[in-house]
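The residues making up each chain are set out below.
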Amino acid sequence: MPDAAAQRRPSDDLAMLHDRCVAFARTNPKEGLERAKVWKDQGGGFYADHCIAMALFLLHDYAEAAQRFEALATAMLGVPVAQRAQALDQAGQSWLAAREPERAKAAFDAAIQLNGDDADLLIDRSEAFADLRRYWDAIDDLNRAVELAPTRAEAYIYRGTAYRYVDARDLALED
């Protein structure tokens, strides 16, 4: 019987390297970015690309990180849609941090198109709507998020805030 190391798939090893790369980038983003670039040159593929994008985000280079997350999602055609949606969600979050809510909304729209009923994606898109001062659209997303995940406190908090902006104080207070 082969041992566990022999049964491990190459993608398992890459995933483990990715996790270590991201963990290192969280504590030392500048050096993490450099290491991820070297890994990319050595054949790290999507995993290295994702680590690069994460390091850029941690370095507050939000627009570059967003572009890399979007490119990664586009290149991930053979990957499960949930993973592509996650990369697009990360792009949207990066665009929000870059103060580009319209681009964030587009990334969240694409993620929701791939992985529709996901409360996290709806909550994230509601932030873009709020930044665009489209509070009723934010409330619609948050209503759906509450239906999908009724225990998610942030959906109620964000919805309560949005209700305040549209002068629905009773509903805001209820949330």
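Report follows, based on the coordinates. Residue numbers restart at each chain and count upward from 1, following the sequence in its written direction. Per-residue local features are limited, in this predicted model, to residues with pLDDT of at least 70; the limit for side-chain atom pairs, both in listing and counting, is 80 or more; totals at the level of whole chains, interfaces and linings are taken over all residues. Computation of side-chain values covers all heavy atoms of the structure but excludes hydrogens and water.

**Notes on the overall build of the chain**
Phase 1: To qualify as a helix, a DSSP run of H or I must reach at least 4 residues; to qualify as a strand, a run of E must reach at least 2; elements of each kind are numbered from the N terminus. On a plain count of helices and strands, the chain comes out with eleven helices and zero strands.
Phase 2: For the chain, the succession of helices and strands along the chain, N to C, is α-α-α-α-α-α-α-α-α-α-α.
Phase 3: C-alpha extents for the chain along the principal axes are approximately 60 × 40 × 30 Å.
Phase 4: Buried, partly exposed and exposed residues are distinguished by accessible area as a fraction of the type maximum, computed with a 1.4 Å probe on protein chains only: under 20%, between the cut-offs, and over 50%, respectively. Among the 175 residues that make up the chain, the fraction classed as buried is 39%.
Phase 5: In these tables, accessible area is a Shrake-Rupley quantity obtained with a 1.4 Å probe, and a residue counts as shielded only by the protein chains included in the view. Carbon and sulfur atoms form 51% of the exposed surface of the chain, whose accessible area is close to 10,000 Å².
Phase 6: Charged residues are defined narrowly, with Lys and Arg counted positive, Asp and Glu counted negative, and His plus the chain ends left uncounted. Each charge is placed at NZ for Lys, CZ for Arg, CG for Asp and CD for Glu. Counting 21 positive and 30 negative side-chain charges, the chain places the centres of these two groups 4 Å from one another.

**Comments concerning the nonpolar core**
Phase 1: Nonpolar core, defined: a set of buried Ala, Val, Leu, Ile, Met, Phe, Trp, Tyr and Cys residues in which side-chain atoms within 4.5 Å join the residues together. Of all hydrophobic cores here, the largest spans 23 residues; its most connected members are Phe69 and Ala104.
Phase 2: When residues of this core are traced back to their parent elements, those giving at least two are α2 (10-27), α3 (29-41), α4 (45-58), α5 (62-75), α6 (81-97) and α7 (101-114).
Phase 3: Residue contributions to this core peak at seven residues, all from α4.
Phase 4: Residue contacts are defined here by distance: any two heavy atoms, one from each residue, within 4.5 Å place the two residues in contact. Residues within four places of Phe69 in sequence aside, it is in contact with His50, Ala53, Met54, Ala87, Gln90, Ala91 and Ser94.
Phase 5: Formed by 17 residues, the second largest nonpolar core is a distinct cluster that contains Leu72, Leu88, Ile112 and Leu142.

**With respect to the pattern of salt bridges**
Phase 1: Here, a salt bridge means any side-chain nitrogen of Lys or Arg that lies within 4 Å of a carboxyl oxygen of Asp or Glu. A full pass over the atoms with the stated rule returns 13 salt bridges.
Phase 2: Of the charged contacts, one joins Arg125 and Asp109 as a salt bridge, the two residues approaching to 2.8 Å between their closest N and O atoms. In this pair, Arg125 is assigned in helix α8 (residues 119-131) and Asp109 in helix α7, connecting sequence segments 16 residues apart.
Phase 3: A relative accessible area of 15% places Arg125 in the buried class.
Phase 4: Where Glu147 meets Arg144, a salt bridge forms, and the shortest distance between an N and an O atom there is 2.7 Å. One end of the pair, Glu147, and the other, Arg144, are both in helix α9 (residues 135-148), three residues apart, so they sit about a helical turn from each other.
Phase 5: When its relative accessible area of 55% is taken as the criterion, Glu147 is described as exposed.
Phase 6: For Arg144, a relative accessible area of 28% corresponds to the partly exposed category.

**Observations regarding the packing of α7 against α8**
Phase 1: Following both chains from N to C, one finds α7 and α8 inclined at 155°, their axes separated by 9 Å at the closest point. Taken together, the axes of α7 and α8 are roughly antiparallel relative to one another. Crossing hand, α7 versus α8: left-handed. Note on element contacts: α8 touches α7 through Leu121, Leu122, Asp124, Arg125, Ala128, Phe129 and Asp131, opposite Pro101, Ala104, Lys105, Phe108, Asp109, Ala111 and Ile112.
Phase 2: Note on residue classes: Ala, Val, Leu, Ile, Met, Phe, Trp, Tyr, Cys and Pro are nonpolar, Asp, Glu, Lys and Arg are charged, and everything else, Gly too, is polar. Looking at side-chain class alone, the contact of α7 with α8 contains nine nonpolar, no polar and five charged residues. Working convention: axes come from line fits to C-alpha atoms, limited for helices to the stretch in contact. Angles between N-to-C directions cover 0 to 180 degrees. When an angle is under 35 degrees it counts as roughly parallel; over 145 it counts as roughly antiparallel; between 65 and 115 it counts as roughly perpendicular; any other value is oblique. Handedness of a crossing is defined here by the sense of rotation of the near helix relative to the far one, left-handed for an anticlockwise turn of less than a right angle and right-handed for a clockwise turn.

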